[in-house]
Amino acid sequence: MDNSKIIVALDFESLKETEDFLKKVKGQNCRVKVGKELFTNEGPNVIKLIQQYGFEIFLDLKFHDIPNTVSRAIKASCNLGVWMVNVHASGGKQMLLAAREAVDSSSNKPILIAVTILTSYDNSSYQELGFKNNLLDQIAYLTTLSENSGMDGIVCSANDICSIKPLVKEKFQFVTPGIRLANSNDDQKRVTTPEDAITQGSNYLVIGRPITSSEDPAALIEKINQKIN
Ligand code: C5P
């Protein structure tokens, strides 16, 4: 269960819904992601439940606060025994360094990644915030800042990897949501198939609804693993 590039986004409301899904995929080679909705509803209990099923967890809480607060929140996340955590790169160098130091001084050391600019922004909604930079330039700038501040990687669209990869070292990791198996018509605009995302250099694929709403999620995970391995 710990060598898969698939991270299933558990965008559920409750422990009950989560456990119903975990029963269906028990034993499959994948990791899982817990985000703000599920964690706000159920807290650390949901982490304990998932760990009983043996899955490694990406705790996707995207911290962004003063360095001391982020440091303490990251420390608390490490203590939950999760495999991956994240922060917003726009929290700045001091905040990123504080997150790095919190991971390094914990006994459990999850992979620490940064979110550059949320994929829900486009150039015009980004500039509405008052920033003068073009969105793509800012993504490149925050990627370099993330690497220089000790992040292990970033979350981005697989389509952006080719322009960002030359800016960073080989071991820098790319975690890519927006994965779709076939033509879909939902809220994800910039989508990639699992095979294409891997070819473009993605290290981990975050896949939610295509798996969670499948009739047979276990078979689908197996099929995707075969395609990308
Ligand atoms: O269902 P779907 O495959 O679209 O789920 C993608 C997951 O990745 C969701 O949990 C979403 O919040 C998350 N995500 C994203 N885009 C980002 C960061 C995270 O879609 N830039």
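Residues numbered from 1 in each chain as written. Predicted model: local features only at pLDDT ≥ 70, side-chain atom pairs only at ≥ 80, totals over all residues. Heavy atoms only, no water.

A. Molecular detail of the packing of helix α1 (residues 15-25) against helix α11 (residues 217-228). At a closest axis distance of 7 Å, the pairing of α1 and α11 adopts a crossing angle of 55°. Overall, the two elements α1 and α11 adopt an arrangement that is oblique. Of α11, the residues touching α1 (which contributes Phe-21, Lys-24 and Val-25) are Pro-217, Ala-218 and Ile-221. When the residues that make up the contact of α1 with α11 are grouped by side-chain class, the tally is five nonpolar, no polar and one charged. (Axes fitted to C-alpha atoms, helices over the stretch in contact; angles between N-to-C directions. Helix = DSSP H or I, 4+ residues; strand = E, 2+ residues; numbered from the N terminus. Parallel < 35°, antiparallel > 145°, perpendicular 65-115°, else oblique. Contact = heavy atoms within 4.5 Å. Nonpolar A, V, L, I, M, F, W, Y, C, P; charged D, E, K, R; others polar.)

B. Quick look at helix α3 (residues 44-52). Of the positions making up α3, those classed as buried are Val-46, Ile-47, Leu-49 and Ile-50. What you see down the axis of α3 is that its buried residues fit within an arc of 160°, all on one side. (Buried < 20%, exposed > 50% of the residue type's maximum accessible area, 1.4 Å probe, protein only. Arc of directions from axis to C-beta.)

C. Looking closely at a negative patch on the surface. A contiguous patch of negative charge, built from Asp-11, Glu-13, Glu-17 and Glu-37, is present on the exposed surface. The residue Asp-11 is located in the loop between β1 (6-9) and α1 in this model. (Patch = residues over 30% accessible without salt bridge, like charges linked within 9 Å, V, L, I, M, F, W, Y side chains within 5 Å. Areas by Shrake-Rupley, 256 points an atom, 1.4 Å probe, with all protein chains shown as cover. Salt bridge = Lys/Arg side-chain N within 4 Å of Asp/Glu carboxyl O. Lys, Arg positive; Asp, Glu negative; His and termini not counted. Charge placed at Lys NZ, Arg CZ, Asp CG, Glu CD.)

D. Quick peek at the environment of Gln-94. Locating Gln-94 in the fold gives a position in helix α5 (residues 93-104). Its relative accessible area of 54% is what places Gln-94 among the exposed residues. Between the C-alpha atoms of Gln-94 and Thr-143, which are 49 residues apart in sequence, the distance is 15 Å.

E. Highlighting the pairing of strand β8 (residues 204-207). Residue alternation in β8 divides its side chains into two sets, Tyr-204 and Val-206 and Leu-205 and Ile-207, and both sets are buried. Strand direction decides the pairing type here: strand β7 (residues 173-176) and β8, joined by two bridges, are parallel. Note on β8: the bridge partner recorded for Val-175 is Tyr-204. (Pairing = 2+ DSSP bridges.)

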